[in-house]
Amino acid sequence: MGTNRRPATEAEARALASTVRLRILRLCLDQALTNKEIAGRLDANPATTLHHVRKLVETGFLSAGPSRPGPRGSTEIPYQATGKSWEMDVRESGVTGGGAAMVGAFLEEIRLVDLDEVDVTRLGLRLTEEGHAELTRRLQEVFDEFSEREPAPEGQAYSVFLAVHRDVARDA
């Protein structure tokens with residue numbers, strides 16, 4: 001996957017090689033959230049969350065909105081995902097851990113839903129290199145098409161996780 005994406009810089013790839021940061025980006029995809037709101041949804045320490053938020057802002061994955069008054073005279077800053085992560089490929093960056101972070105974020109998010117309500121499919125294939133490339137390209141086209149759609153304000157939030165991997169147990 002990741003066709004027609006620009007290579008990520010080392011700093012960008014490092015920012016995305018974190019389960020927590022990927023979850024923050026997902027939380028801030030449709031709506032701007034403050035650090036306190038993000039920490040609450042992640043059931044995390046706000047100081048730790050702020051460290052991750054700042055790294056995402058620094059690398060352009062989150063944008064800070066205008067500050068606003070918070071409770072008891074505090075100031076809050078809402079953050080929203082920029083969509084920048086969809087535009088890049090981290091594989092050529094030399095930074096490891098991106099795949100593990102994606103799987104980790106998926107596992108943490110999927111634990112929050114009733115698994116009987118999840119649409120899941122498994123398929124075993126035996127493909128040539130060309131067949132694998134075609135599968136990857138066609139799946140990416142579907143993902144790209146849906147990513148370009150305007151979000152439906154009345155719609156429900158969904159996430160899609162796709163993993164195409166070698167089935168090493170079958171080739172043993």
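Just above, that's the structure.
Residues numbered from 1 in each chain as written. Predicted model: local features only at pLDDT ≥ 70, side-chain atom pairs only at ≥ 80, totals over all residues. Heavy atoms only, no water.

J.: Got a minute to help me understand unusual backbone geometry in this structure?
T.: Excluding glycine, residues mostly carry a negative phi; peptide bonds, for their part, are mostly trans. One non-glycine residue, Asp-43, lies in the positive phi region at around 55°. Among the structural elements, Asp-43 can be located in the loop between helix H3 (35-42) and helix H4 (46-58). Among the residues examined, Asp-43 registers a relative accessible area of 76% and is labelled exposed. Phi at Arg-72 takes a positive value of approximately 55°, unusual for a residue other than glycine. Following the sequence through the fold, Arg-72 ends up in the loop between strand S4 (68-69) and strand S5 (75-76). In this structure Arg-72 comes out as exposed when scored by relative accessible area, which is 83%. (Helix = DSSP H or I, 4+ residues; strand = E, 2+ residues; numbered from the N terminus. Buried < 20%, exposed > 50% of the residue type's maximum accessible area, 1.4 Å probe, protein only.)

J.: For this particular structure, what's the right way to read the packing of aromatic side chains?
T.: To describe a pair of aromatic rings, one takes the distance between the centres and the angle between the planes. By the definition in use, this model includes two aromatic pairs. Geometrically, the ring pair formed by Trp-86 and Phe-143 is stacked, given 6.3 Å between the ring centres and 10° between the ring planes. With Trp-86 in the loop between strand S6 (78-81) and strand S7 (88-89) and Phe-143 in helix H6 (residues 129-147), this residue pair connects regions lying 57 residues apart in the sequence. Residue class for Trp-86 comes out partly exposed when judged on its relative accessible area of 35%. Residue class for Phe-143 comes out partly exposed when judged on its relative accessible area of 21%. Arranged with centres 4.3 Å apart and planes meeting at 20°, the rings of Phe-106 and Phe-161 form a pair that is stacked. Taken together, the residues Phe-106 in helix H5 (residues 98-110) and Phe-161 in the segment after H6 connect sequence positions 55 residues apart. With a relative accessible area of 28%, Phe-106 lands in the partly exposed category. The aromatic ring of Phe-61 is capped on one face by Lys-84, whose charged end is 5.0 Å from the ring centroid. (Phe/Tyr/Trp six-rings, centres within 6.5 Å; stacked < 30°, edge-to-face > 60°. Lys NZ or Arg CZ within 6 Å of the ring centre and 35° of its normal.)

J.: Hey, could you run me through the sheet that holds S6 in this one?
T.: Hydrogen bonds between backbone atoms are what pair the strands of a sheet, whose relative direction is either parallel or antiparallel. Strands sit in the order S2-S6-S3 across an open sheet of three strands; the sheet is antiparallel. The outermost strands of the open sheet, each flanked by one partner alone, are strand S2 (33-34) and strand S3 (62-64). Pairing of S3 with S6, which is carried by three bridges, proceeds in the antiparallel orientation. From the neighbouring strand, Ala-64 faces S6, where its bridge partner is Tyr-79. (Pairing = 2+ DSSP bridges.)

J.: Please clarify how the pattern of salt bridges should be interpreted in this entry.
T.: A side chain with one charge can pair with a side chain of the opposite charge if their charged atoms come near. Here the structure, examined in full by the defined rule, presents 17 salt bridges. The closest approach of N and O atoms between Arg-91 and Asp-89, which form a salt bridge, is 2.6 Å. Overall, Arg-91 belongs to the exposed group, its relative accessible area being 55%. With relative accessibility at 11%, the residue Asp-89 sits in the buried group. Look at the salt bridges and you will find they share partners, linking Arg-23, Arg-26, Glu-108 and Glu-109 into a network. (Salt bridge = Lys/Arg side-chain N within 4 Å of Asp/Glu carboxyl O.)

J.: I would appreciate a short explanation of the layout of surface pockets in the present structure.
T.: The space that makes up the second largest pocket amounts to roughly 160 Å³. The set of elements that each furnish at least two residues to the lining of the second largest pocket consists of H3 and S5. Residue composition of the lining of the second largest pocket, by class: three nonpolar, four polar and two charged. (1 Å grid on protein atoms, 1.4 Å probe; cavity = no way out; pocket = protein on both sides within 12 Å on 5 of 7 lines; lining within 4 Å. Points joined across faces, edges and corners; volume = space filled by probe spheres on them. Nonpolar A, V, L, I, M, F, W, Y, C, P; charged D, E, K, R; others polar.)

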